[in-house]
Amino acid sequence: IHDVRQLWETPPSRLRRIRGGVTGEQFWYALHGVDPPETVTQRSSISHGHVLPAELRPLAQARTVARRLTAKCGSRLRRMGYKCTGIYLSLSGGGRDGEGQRRRAGAEARFELTSDSFVMLRALEAAWTEAVARLRDDRVRKVSVTCLGLRATDAPPDLFGWAPEAREDAKHMKLLGALDSLNQKFGKDAITIGPRTKLHDFVGAKIAFNRIPEKPEFWE
């Protein structure tokens, strides 16, 4: 492309290839004064993580943080209309290895498609045991929990008729629905699964670099 006329006549698909991404196509629409078509995206992951203060870095305390983050993931799945087929737990240790790098370890646990926090918390216990064994550290600096295999509850059926089915305990889901409603009405952790842990307020939503949290996240 050597002049403005060539640029004007270049189709959007070619500009996308030249630019190496969707911004080339968006530039074509802007150049021609056309509103670009709405892009429909599918969420690929839901995750929560935090760098722990010193008093929460021992393994026992870090485990309660991992449980709280997992419960938050479950609440967020239900609110957004998603289910998942597993979780991935990532741990960053307090010490460093022989090369001066932070000790890191992770483990995943799979289960049938669900947004049941009780199922997710049971899976976390297995992932926690495996990740801690790999970490080989008695202190945890950072904990992250990611939902795997996300599927929207209103997703269209698979082309070949295959799709994972959610086999959920109806009593669990009714109870969790009530828990979510109470926490949204009376504030985060008004009702918890098990004893309320003595955690800082860090599990509340924060404005991240890549997105602005939705209002309900502040009560999950």
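Further up the page is the structure itself.
Remember, predicted model here, so these are calculated numbers, not experimental data.

Caption draft 1: Looking closely at the pattern of salt bridges. Scanning the entire structure with this criterion turns up eight salt bridges. Ionic pairing is found between Arg 63 and Glu 125, a salt bridge with its closest N-O pair at 3.2 Å. One end of the pair, Arg 63, is in helix H4 (residues 59–80); the other, Glu 125, is in helix H5 (residues 117–135), and 62 residues separate them in sequence. Connected through shared salt-bridge partners, Arg 63, Arg 67 and Glu 125 make up one network.

Caption draft 2: Expanded view of helix H6 (residues 170–186). With 17 residues, H6 extends 24 Å between its outermost C-alpha atoms, agreeing within 8% with the 24 Å of an ideal straight helix rising 1.5 Å per residue. By the burial criterion, the buried members of H6 are Met 173, Leu 176, Leu 179, Asp 180 and Asn 183. Along the axis of H6, the buried positions cluster into a sector of 120 degrees, meaning they face one direction only. For H6, the exposed residues lying more than 90 degrees away from the buried face are Ala 170, Lys 171, Lys 174, Lys 185 and Phe 186. The elements touched by buried residues of H6 are H4 and H5. Two to three positions downstream of the cap, the backbone nitrogen of Lys 171 sits 2.9 Å from a side-chain oxygen, assigning the N-cap of H6 to Asp 169. Where H6 terminates, the next one or two residues include Gly 187, which has phi positive at roughly 110 degrees.

Scoring rules and cut-offs
- Residues numbered from 1 in each chain as written.
- Predicted model: local features only at pLDDT ≥ 70, side-chain atom pairs only at ≥ 80, totals over all residues.
- Heavy atoms only, no water.
- Salt bridge = Lys/Arg side-chain N within 4 Å of Asp/Glu carboxyl O.
- Helix = DSSP H or I, 4+ residues; strand = E, 2+ residues; numbered from the N terminus.
- Expected span 1.5 Å × (residues − 1).
- Buried < 20%, exposed > 50% of the residue type's maximum accessible area, 1.4 Å probe, protein only.
- Arc of directions from axis to C-beta.
- Contact = heavy atoms within 4.5 Å.
- Polar contact = N/O pair within 3.5 Å; in protein donor to acceptor, adjacent residues only side chain to side chain.

Everything listed is a geometric property; what it means functionally is a separate question.
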